[in-house]
Amino acid sequence: MDDEMIQQEENQGFLTWLKGIFTKKEEDTEPEDPKYKRRLFDGRIEKYLDQNLDAYISEYGIVTGLDLEVYEERYKRLTGKISEIYEYMTDKDAEISVLERDLGSVQKAAKKNGS
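Only a predicted model underlies this, so the values are computations on that prediction, with no experimental measurement involved.

1. Considering the overall build of the chain
Helix and strand counts for the chain stand at five helices and zero strands. Across the chain, helices and strands are ordered from the amino to the carboxyl terminus as α-α-α-α-α. As displayed, the chain has an accessible area near 11,000 Å², and 56% of this comes from carbon and sulfur atoms.

Following this line, the structure appears as structure tokens:
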């Protein structure tokens, strides 16, 4: 529907609209394809919701697309940091293993020379 028809529908009175529904001719009642038909108050409700959208977002804690982008960026940074920490721990475990092996060699050599 175009804006002109919506405006006409909003401007006509409720009783006129109601009368139009009940006084349809039989030829007008041909089956139509099911589709959404704008109601009298749809435009007003949409305007109200648009005007108060920020209040609803804050009151009900609704997550917006921008919030999701921020969360995804934080997730990428955190997973990057976690992978860096995991790599660091793996490297240090390898270094500790080498040091433990060298310490074992030194202890064996000390026992041979001390005995």
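2. Examining the pattern of salt bridges
Within the structure shown, the criterion is met by one salt bridge. Glu95 is the salt-bridge partner of Lys92, the closest N and O atoms lying 3.3 Å from each other. Of this pair, Lys92 and Glu95 both sit in helix α5 (residues 65-114), separated by three residues, roughly a single helical turn. Looking at Lys92, the relative accessible area reads 29%, which means it is partly exposed.

3. Overview of the environment of Thr79
Along the chain, Thr79 turns up in helix α5. Overall, the relative accessible area of 32% leaves Thr79 in the partly exposed class. Here the side chain of Thr79 touches Lys76 through a polar contact of 3.0 Å, landing on its backbone oxygen.

4. Quick look at the confidence of the model for the chain
Per-residue pLDDT for the chain averages 80, and the proportion of residues at 70 or more is 70%. No element of the chain has a lower mean pLDDT than helix α1 (residues 3-11), which averages 63, and none a higher one than α5, which averages 93.

Basis of the calculations
- Residues numbered from 1 in each chain as written.
- Predicted model: local features only at pLDDT ≥ 70, side-chain atom pairs only at ≥ 80, totals over all residues.
- Heavy atoms only, no water.
- Helix = DSSP H or I, 4+ residues; strand = E, 2+ residues; numbered from the N terminus.
- Areas by Shrake-Rupley, 256 points an atom, 1.4 Å probe, with all protein chains shown as cover.
- Salt bridge = Lys/Arg side-chain N within 4 Å of Asp/Glu carboxyl O.
- Buried < 20%, exposed > 50% of the residue type's maximum accessible area, 1.4 Å probe, protein only.
- Polar contact = N/O pair within 3.5 Å; in protein donor to acceptor, adjacent residues only side chain to side chain.
- pLDDT = per-residue confidence, 0-100.

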